[in-house]
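Overview (structure and organization)
Listed here are the chains, written in short residue letters.
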Amino acid sequence: MSLCDAEKTFILHGVAENFRSDGRDREGYRPIEIETDIVQHAFGSARLRLANTDILVAVKIEVDTPLPERPFEGKIEFFVDCSANATPDFEGRGGETLAIELSNILASAYKSPKTFNLKKLCILKGKKCWKLYVDILILECGGNLFDAVSLAVKAALFNTKVPLIKSVNIDGDNVELDVSDNVFDCERLDVTNAPVMVTVCKIGDNCVVDPNLAEEQCSVGSIVVAISQEYFSTVTSIGIGSLHAQTLCSSLELGQKVGIRLNEALMDTLSHITSDQDFGFLK
Amino acid sequence: MSQKIHIRTASASSRVRPLATTEKSYKIFTPGEVVIKEANTNFVRGHGTYEENGDLKASVAGVKEQVNKLISVRPLKSRYNGQVGEVLVGRISEVQQKRWKVDTNSRLDSVLMLSSVNLPGGELRRRSVEDQHMMRQYLQEGDLISAEVQSIFSDGSLSLHTRSLRYGKLGQGLLIKVFPSLVKKSKIHFHNLPFGVSLILGNNGYIWISPPTDNTDDNVGGFVQNLEEVISKDIREAMGRVRNCILALAENKMMLFDTSIVFAYEESLKYSVAELLLPEAMVDVALLTQHRLSMLDDYEFE
């Protein structure tokens, strides 16, 4: 989709006026819909819809050996799949660069032990640990992909149940794990500090959050900040274009402010999810 | 100033939205369903149907329409099927030799020939080789136009024309997309709504919302855009409200025409523009609009 100059002018003036085309102000966020536990075969899953952006995340768990330099830590890996259903641009290898960019940002946002404690995933020092595979499927693109993906990942991790290990038998180099027979015997992951990402888009002289597709086209440059509680875990710029130092500071501030609010809203919603909800796309 | 961020949980039961109630309910046929049993001689097969074992079956999901012997099934969701004379809004996707390709939400890109536009500078001008070289200066990729269907090619693609002062390049404003079947066909598709917004309801489901146009000095054939003009906050707010109202109506599968949009606008005034993005508000506005429409005497449910 490409916009004509007049449409861009309209959006630009709207942002300057602090009244965007759908009535939001610059800090306004569109309503989000979230659903957890919808993939039955996964250890944890979530689906998130932000206007037209649709993300499905599933978490799988496997037993692995820890890295030699980090014997006390488990592993986490992100994989993004841009479905060609989302936009025709993703056909073939089209979505690959975006997918790699997304998974790299997620990996760096979750790297710090202060955001997500991988030590909890260690089973036996240097021998066995859990490895989380976070699979992200982009079903529809309606702008603001980074924020939506990070929220969906956090919700899916919140929903993840790690099987409980009753005992570990060591026989020489052989390690045997005795997993609890009861399927419901499991542990939840602690995601209170898991980061949420906020894309701050510079349009004209002002910065906005949660841009839609049309607004993304008008942006001269944008940065993605990952906020864990109130701290930054990652800051990157996406797309072409550069930011003035002063703009950068103000957009970081805006990102932090919105990130904190977003995190609060998400945690509040997640804590109210009851386990007896019906689920599924169609019913 | 800062708005609250709404994150809701969704479950299968809450996703089925309450449809704005209509007095009549229609049977919806699914593809493969028998529309008429043993329709050998008495009926003629129309769009959206096929014959199998003597029965007439639906090939799309939609409602049955009957004109005498002709049976057709009209789908809710479909690409735009053009008819001669309909007004559309489209986006230029390609500039070619003597023609522009236009995205009009139909199966194939539509064509706007250089010979079917009014070029700036007069009616009776021969379109010369220079005009062909200048084509990108009149309309370039991404530009929005309003046009009328002139004819339909044999492969089903549409040929458009803008040979009237009403049609041409669109200026500042915003475009929204809905299902083409939701736009009610009428004589007038250019509306100046009472609250300072003008609207083009394209038959192809593209709706253009713009600040009010003064029809007096509109004599250039529509090839200029005023990029300097800053639209005032009031008009901007009205435009945003109209946008959200139309999306609320479309979300609840209600027909879009001037009356329904004006009613929705009036009913939505208790919400702020941004609040209209919330699903509850959208359903509420649609229900209230439906209610008011049903009070009109001459209103027929379609």
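Residues numbered from 1 in each chain as written. Chains lettered and ligands numbered in written order. Predicted model: local features only at pLDDT ≥ 70, side-chain atom pairs only at ≥ 80, totals over all residues. Heavy atoms only, no water.

Helix and strand content of chain A: five helices and 14 strands. With respect to the three principal axes, the spread of C-alpha positions in chain A is 70 × 45 × 40 Å. When contacts within chain A are restricted to residue pairs at least 6 apart in sequence, those whose partners lie at least 24 apart make up 71%. Counting only carbon and sulfur atoms, one obtains 50% of the accessible surface of chain A, whose full area is about 13,200 Å². Distance from the positive charge centre (27 side chains) to the negative charge centre (41 side chains) of chain A: 5 Å. (Helix = DSSP H or I, 4+ residues; strand = E, 2+ residues; numbered from the N terminus. Contact = heavy atoms within 4.5 Å. Areas by Shrake-Rupley, 256 points an atom, 1.4 Å probe, with all protein chains shown as cover. Lys, Arg positive; Asp, Glu negative; His and termini not counted. Charge placed at Lys NZ, Arg CZ, Asp CG, Glu CD.)

For chain B, mean pLDDT is 84; residues scoring 70 or higher make up 86% of the total. Across the interfaces of the predicted complex, the ipTM metric reaches 0.86, alongside a pTM of 0.87. (pLDDT = per-residue confidence, 0-100.)

Residue and element names in this part refer to chain A. The first and last C-alpha atoms of helix H1 (residues 5-16) sit 16 Å apart over 12 residues, in line with the 16 Å expected at 1.5 Å per residue. Every buried residue of H1 is accounted for by Ala 6, Glu 7, Thr 9, Phe 10, Ile 11, His 13, Gly 14 and Val 15. Asn 18, located one to two residues past H1, shows a positive phi value of around 65 degrees. (Expected span 1.5 Å × (residues − 1). Buried < 20%, exposed > 50% of the residue type's maximum accessible area, 1.4 Å probe, protein only.)

Let's shift gears to the packing of aromatic side chains. As enumerated under the stated definition, the model contains four aromatic pairs over all chains in all. Here Tyr 167 of chain B and Phe 190 of chain B contribute two aromatic rings whose centre-to-centre distance is 5.9 Å and whose plane-to-plane angle is 45 degrees, an arrangement assigned as tilted. Pair noted here: Tyr 167 of chain B is in the loop between strand S13 (158-162) and strand S14 (168-169) and Phe 190 of chain B is in strand S16 (residues 190-193), with a separation of 23 residues, a long-range link. Given a relative accessible area of 2%, Tyr 167 of chain B falls into the buried group. One aromatic cluster in this structure is built from Phe 78, Tyr 110 and Phe 116 of chain A. (Phe/Tyr/Trp six-rings, centres within 6.5 Å; stacked < 30°, edge-to-face > 60°.)

Right, let's talk about unusual backbone geometry for a bit. One non-glycine residue, Ala 51 of chain A, adopts positive backbone phi at about 50 degrees. Among the secondary structure elements, Ala 51 of chain A is positioned in the loop between strand S2 (44-50) and strand S3 (53-64). Relative accessible area serves as the criterion here: at 37%, Ala 51 of chain A is assigned to the partly exposed category. With phi around 50 degrees, Asn 53 of chain B is a residue other than glycine that occupies positive phi space.

The subject of this paragraph is the interface of chain B and chain A. Every contact between the two is made by 45 residues of chain B and, on the other side, 42 residues of chain A. Taking both partners together, chain B and chain A bury about 3,700 Å²; carbon and sulfur atoms supply 57% of that area. At the boundary of chain B and chain A, one finds one salt bridge. Looking at the side of chain B that touches chain A, the elements that each hand over two or more residues are strand S1 (7-9), helix H1 (12-15), strand S15 (174-177) and helix H4 (233-251) of chain B. (Buried area = accessible area lost by both parts, 1.4 Å probe. Salt bridge = Lys/Arg side-chain N within 4 Å of Asp/Glu carboxyl O.)

For the rest of this paragraph, the subject is the UniProt feature "domain: Exoribonuclease phosphorolytic" (unreviewed entry) in chain A. Residue and element names in this part refer to chain A. The UniProt feature table records "domain: Exoribonuclease phosphorolytic" (unreviewed entry) at residues 29-163 and 194-257. This span, residues 29-163, is 21% helix and 38% strand, and a straight line between its end C-alpha atoms measures 36 Å. When the span residues 194-257 is considered, its composition is 30% helix and 44% strand, and the gap between its end C-alpha atoms is 16 Å. (UniProt positions renumbered as here; feature names shortened; annotations may be inferred.)

On to the packing of H4 of chain B against helix H5 (residues 258-267) of chain B. Residue and element names in this part refer to chain B. Interhelical geometry of H4 versus H5 gives an angle of 110 degrees and a closest axis separation of 9 Å. One way to sum up the angle between H4 and H5 is to call them roughly perpendicular. For the crossing formed where H4 meets H5, the hand is right-handed. Of the residues in H5, those in contact with Ala 238, Arg 241, Val 242, Cys 245, Ile 246 and Leu 249 of H4 are Ser 260, Ile 261, Ala 264 and Tyr 265. Partitioning the contact of H4 with H5 into residue classes produces eight nonpolar, one polar and one charged. (Axes fitted to C-alpha atoms, helices over the stretch in contact; angles between N-to-C directions. Parallel < 35°, antiparallel > 145°, perpendicular 65-115°, else oblique. Left-handed = near helix turned anticlockwise from the far one by under 90°. Nonpolar A, V, L, I, M, F, W, Y, C, P; charged D, E, K, R; others polar.)

Let us now look at the pairing of strand S14 (residues 231-238) of chain A. Residue and element names in this part refer to chain A. Pairing of strand S13 (residues 221-228) with S14, which is carried by seven bridges, proceeds in the antiparallel orientation. Residue Ile 223 lies in a different strand from S14, and its bridge partner there is Ser 237. Hairpin connection between S13 and S14: a loop of two residues separates the two successive antiparallel strands, and Gln 229 in this loop has a positive phi of roughly 50 degrees. (Pairing = 2+ DSSP bridges.)

Quick look at the environment of Arg 236 of chain B now. Here Arg 236 of chain B lies in helix H4. Sequence separation between Arg 236 of chain B and Gly 196 of chain B is 40 residues, and the spatial gap between their C-alpha atoms is 9.5 Å. Setting aside chain neighbours within four positions, we find Arg 236 of chain B in contact with Phe 10, His 13, Gly 14, Glu 17 and Phe 19 of chain A together with Ile 231 of chain B.

Moving on, we get to a nonpolar patch on the surface. A contiguous nonpolar surface patch, about 240 Å² in accessible area, is contributed by Val 44, Val 67 and Leu 70 of chain B. Within the fold, Val 44 of chain B resides in strand S4 (residues 44-45). (Patch = residues over 30% accessible without salt bridge, like charges linked within 9 Å, V, L, I, M, F, W, Y side chains within 5 Å.)

So, on to the pattern of salt bridges. Summed over all chains, the structure comprises 28 salt bridges over all chains. With a shortest N-O distance of 2.7 Å, Arg 49 of chain A and Asp 54 of chain A are connected by a salt bridge. Judged by relative accessible area, which is 22%, Arg 49 of chain A ranks as partly exposed. With a relative accessible area of 6%, Asp 54 of chain A lands in the buried category. Notably, a salt bridge pairs Arg 8 of chain B with Glu 280 of chain B, separated by 2.4 Å at the nearest N-O pair. On the criterion of sequence distance, the pair formed by Arg 8 of chain B in strand S1 and Glu 280 of chain B in helix H6 (residues 279-295) is long-range, its members being 272 residues apart. Look at Arg 8 of chain B and you get partly exposed, because its relative accessible area is 26%. When salt bridges that share partners are traced, they join Arg 20, Asp 22, Arg 24, Arg 30, Asp 210 and Glu 215 of chain A into one network.

Residue and element names in this part refer to chain B. In space, the four strands of this open sheet follow the order S2-S7-S8-S4, with mixed pairing throughout. Across the chains shown, the open sheet's two edge strands, defined by having one partner strand only, are strand S2 (28-29) and S4. Relative to strand S7 (residues 62-67), S2 is paired through two bridges, and the arrangement is antiparallel. Counterpart to Ile 28 in the pairing with S7 is Val 63.

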